[in-house]
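Okay, here's what each chain looks like letter by letter:
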Amino acid sequence: MPELDAILSQKILSVKNQQRFRTLSAVKRCEGAYVEKDGRRLLAFSSNDYLGLANHPRVISAAMEAAKHYGAGSSASRLVSGNYPLYAELETSLATYKHTETALVLGSGYLANIGAIPAITGQGDLILADKLVHACILEGIKLSGAKALRFAHNDMEHAATLLTANRHLYQNCLVITETIFSMDGDKAPLAELRALCDRHDTWLMTDDAHGIGLPQTVKADIQMGTLSKALGSYGGYIAGSQILIDHIINSARSFMFSSGLPPAAVGAALEALRIIQDEPERAEKALAHARRFTQELGLPLAESPIVPIIIGAEDKALDAAQKLEEAGFLVTAIRPPTVPENTSRLRFVFTASHEKGDVTHLIKIIKNENIIS
Ligand SMILES: *Cc1c(COP(=O)(O)O)cnc(C)c1O
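Just so it is clear, the model here is predicted, and its values are computed rather than measured. (Residues numbered from 1 in each chain as written. Predicted model: local features only at pLDDT ≥ 70, side-chain atom pairs only at ≥ 80, totals over all residues. Heavy atoms only, no water.)

**Student:** Tell me what's going on with helix 3 (residues 86-98), and back it up with residues and numbers.
**Tutor:** The end-to-end C-alpha distance of helix 3 is 18 Å, a good match for the 18 Å that 13 residues give at a rise of 1.5 Å each. If you check which residues of helix 3 are buried, you get Leu86, Tyr87, Leu90, Glu91, Leu94, Ala95 and Lys98. Buried positions in helix 3, seen along its axis, are confined to an arc of 165° and lie on one side of it. In helix 3, the exposed positions that point more than 90 degrees away from the buried face belong to Thr92 and Thr96. Looking at the buried residues of helix 3, the elements they touch are helix 2 (57-70), strand 4 (102-106), strand 9 (222-226), strand 10 (236-240) and helix 10 (263-278). After helix 3 finishes, the residue His99 shows a positive phi value of roughly 55°. (Helix = DSSP H or I, 4+ residues; strand = E, 2+ residues; numbered from the N terminus. Expected span 1.5 Å × (residues − 1). Buried < 20%, exposed > 50% of the residue type's maximum accessible area, 1.4 Å probe, protein only. Arc of directions from axis to C-beta. Contact = heavy atoms within 4.5 Å.)

**Student:** Got a sec to walk through the site of the ligand? Specific residues and values, please.
**Tutor:** Around the ligand there are 16 residues in total, and Gly109, Asp207, His210, Thr226 and Lys229 lie nearest to it. Here an oxygen atom of the ligand sits 2.6 Å away from a polar atom, N or O, in the side chain of Thr226. Between the ligand and the protein, one listed contact pairs an oxygen atom with a side-chain N or O atom of Ser228 at 2.9 Å. Here the ligand has 380 Å² of accessible area as a free molecule, and 88% of this is covered by the chains. Mapped onto the shell around the ligand, the elements with two or more residues apiece are helix 4 (109-120) and strand 9. With 3 residues, the single largest contributor to the shell around the ligand is helix 4. Of the residues contributing to the shell around the ligand, the split by class is 4 nonpolar, 9 polar and 3 charged. (Near = heavy atom within 4 Å. Polar contact = N/O pair within 3.5 Å; in protein donor to acceptor, adjacent residues only side chain to side chain. Areas by Shrake-Rupley, 256 points an atom, 1.4 Å probe, with all protein chains shown as cover. Nonpolar A, V, L, I, M, F, W, Y, C, P; charged D, E, K, R; others polar.)

**Student:** Residues and numbers for the packing of aromatic side chains, please.
**Tutor:** Taken as a whole and judged by the stated rule, the model has 6 aromatic pairs. Look at Phe293 and Phe348: their rings are 5.0 Å apart centre to centre, the planes differ by 45°, and that puts the pair in the tilted class. Residue Phe293 is located in helix 11 (residues 281-296), and its partner Phe348 is located in strand 14 (residues 344-349); the two are separated by 55 residues in the primary sequence. An aromatic cluster of at least three residues, connected via ring pairs, comprises Phe45, Phe293, Phe329, Phe348 and Phe350. One residue, Arg78, lies across the ring of Tyr87, its end atom 3.7 Å from the ring centre. (Phe/Tyr/Trp six-rings, centres within 6.5 Å; stacked < 30°, edge-to-face > 60°. Lys NZ or Arg CZ within 6 Å of the ring centre and 35° of its normal.)

**Student:** Outline the sheet that holds strand 8 (residues 203-207), listing residues and values.
**Tutor:** Strands sit in the order 4-10-9-8-7-5-6 across an open sheet of 7 strands; the sheet is mixed. Two strands lie at the open edges of the sheet, namely strand 4 and strand 6 (147-151), each paired on one side alone. Adjacent strand axes in the sheet meet at a mean angle of 20° when their direction is disregarded. Note that strand 4 and strand 10 share 5 bridges and pair antiparallel. (Pairing = 2+ DSSP bridges. Axes fitted to C-alpha atoms, helices over the stretch in contact; angles between N-to-C directions.)

**Student:** Tell me about the pairing of strand 7 (residues 173-178), and please be specific about residues and values.
**Tutor:** For strand 7, a buried count of 6 out of 6 residues is recorded, marking the element as mostly surrounded by other parts of the structure. Here strand 7 shows a buried face lined by Cys173, Val175 and Thr177 and a second buried face lined by Leu174, Ile176 and Glu178. Bridge count for strand 5 (residues 126-130) against strand 7 is 4 bridges, and the pairing is parallel. The residue bridging Leu126 from the neighbouring strand is Cys173, located in strand 7. Note: strand 7 against strand 8, 5 bridges, orientation parallel. Paired with Glu178 across the strands is Asp207, a residue of strand 8. Between the parallel pair strand 7 and strand 8, the chain is carried across by helix 7 (residues 190-199), and the sense of this crossover is right-handed. (Right-handed = clockwise from strand over helix to strand, strands pointing away.)

**Student:** Which residues make up the nonpolar core, and what are the values?
**Tutor:** Of all hydrophobic cores here, the largest spans 33 residues; its most connected members are Leu90, Leu94, Val105 and Leu227. Contributions of two or more residues to this core are made by helix 2, helix 3, strand 4, strand 10 and helix 10. Beyond its immediate chain neighbours, meaning those up to four positions away, Leu94 contacts Ala103, Val105, Leu227, Tyr237 and Leu273. (Core = buried A, V, L, I, M, F, W, Y, C linked by side-chain atoms within 4.5 Å.)

**Student:** Break down the sheet that holds strand 14 for me, with residues and values.
**Tutor:** Reading across from one edge, 11-14-13 is the order of the 3 strands in this open sheet, with antiparallel pairing throughout. Strand pairing shows two members of the sheet lacking a second neighbour, strand 11 (306-312) and strand 13 (332-334), which therefore form its edges. Adjacent strand axes in the sheet meet at a mean angle of 30°, parallel and antiparallel pairs treated alike.

**Student:** Run through a nonpolar patch on the surface, naming residues and quoting values.
**Tutor:** A contiguous nonpolar patch, built from Leu4, Ile7 and Leu8 and spanning about 260 Å² of accessible area, is present on the exposed surface. Turning to its location among the elements, Leu8 is positioned in helix 1 (residues 4-17). Owing to a relative accessible area of 35%, Leu8 belongs among the partly exposed residues under this scheme. (Patch = residues over 30% accessible without salt bridge, like charges linked within 9 Å, V, L, I, M, F, W, Y side chains within 5 Å. Salt bridge = Lys/Arg side-chain N within 4 Å of Asp/Glu carboxyl O.)

**Student:** Which residues make up helix 10, and what values go with them?
**Tutor:** Over its 16 residues, helix 10 extends 23 Å from the first C-alpha to the last, a length consistent with the 22 Å expected when each residue adds 1.5 Å. Counting buried positions along helix 10 yields 12 of 16 residues, so the element is predominantly enclosed. Within helix 10, burial applies to Pro263, Ala265, Val266, Gly267, Ala268, Ala269, Leu270, Glu271, Ala272, Leu273, Ile275 and Ile276.

Don't take any of this as a statement about function, it's just geometry.
As structure tokens, this is what we get:
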């Protein structure tokens, strides 16, 4: 048998040949939207901390208090003895925020999706998902054993056609989409999707990982979200009916067989949720930056703080990110398999930590460097 390292070197070589090899660099968060990378200070447009809450003094101090009170770790799964009292407080707040009967916190957004989807659907069921949904949704679908079909991105006609042709062949049916798409920043047509699901006797699940504290009016049956992005902490959740949550507690394997979160993460998320509700202007500020950026560069008007500039080839996207880094900005080049082939891109994220002048400076550099061809 060949040696493990020899086999893996071959695999790495093929990734490198496609310009898709990834490495880790240490990035230290500094004040505001600044970071330090390789000894250089850069203005970051790459963080999912949309509302600037991960380093908010109130959030940090809530994390510290939680650790002092409940310890550094949870010491067990929640069904055993890891369910310290802060969990109930956070879940009540999440349910209020989401206008659902209740909510359940899981280890991460990833664990929420790979746990909840197979808990709800199985063999003999049908799942329809948008073409651009996140990798962990696809993973959850695979684990469920349900028949999976994908509809073209935000294409309601295509989704309707697939449902008309296939719905009757399966027992239960679930449609899954994202509220705001992680790599494109656009919104799903939730009202249309809800109506479509109702017509075809189908459940709707939304992934709100990139929701930023702006209200949603459409009710999905299963609302998934994360504590790790706009809430500045770590963890994931599902919000919905009491029966849905009771069922997930009893059948989502990623919930049952994984330890509870560190108390600091739950304490931080709870405080962040308070700040989001007290200060809606944070979400508005992030969105206003993104809108101005797209307007001044002649891009389609931003619908969220996420703005992609599609470059195409992997190496060109990496070059563009490198140019911006030399000019003092940290912007991530996103490549396949995170995004579809030939759509490598720069993904700009605007946050409440950015100031108007930061965005002005970024726009100027993008124009000077001819990043948009
Ligand atoms: C980030 C992300 C997740 C995973 O959330 P984590 O809490 O980071 O594990 C799930 N879905 C989408 C759309 C995401 O962008």
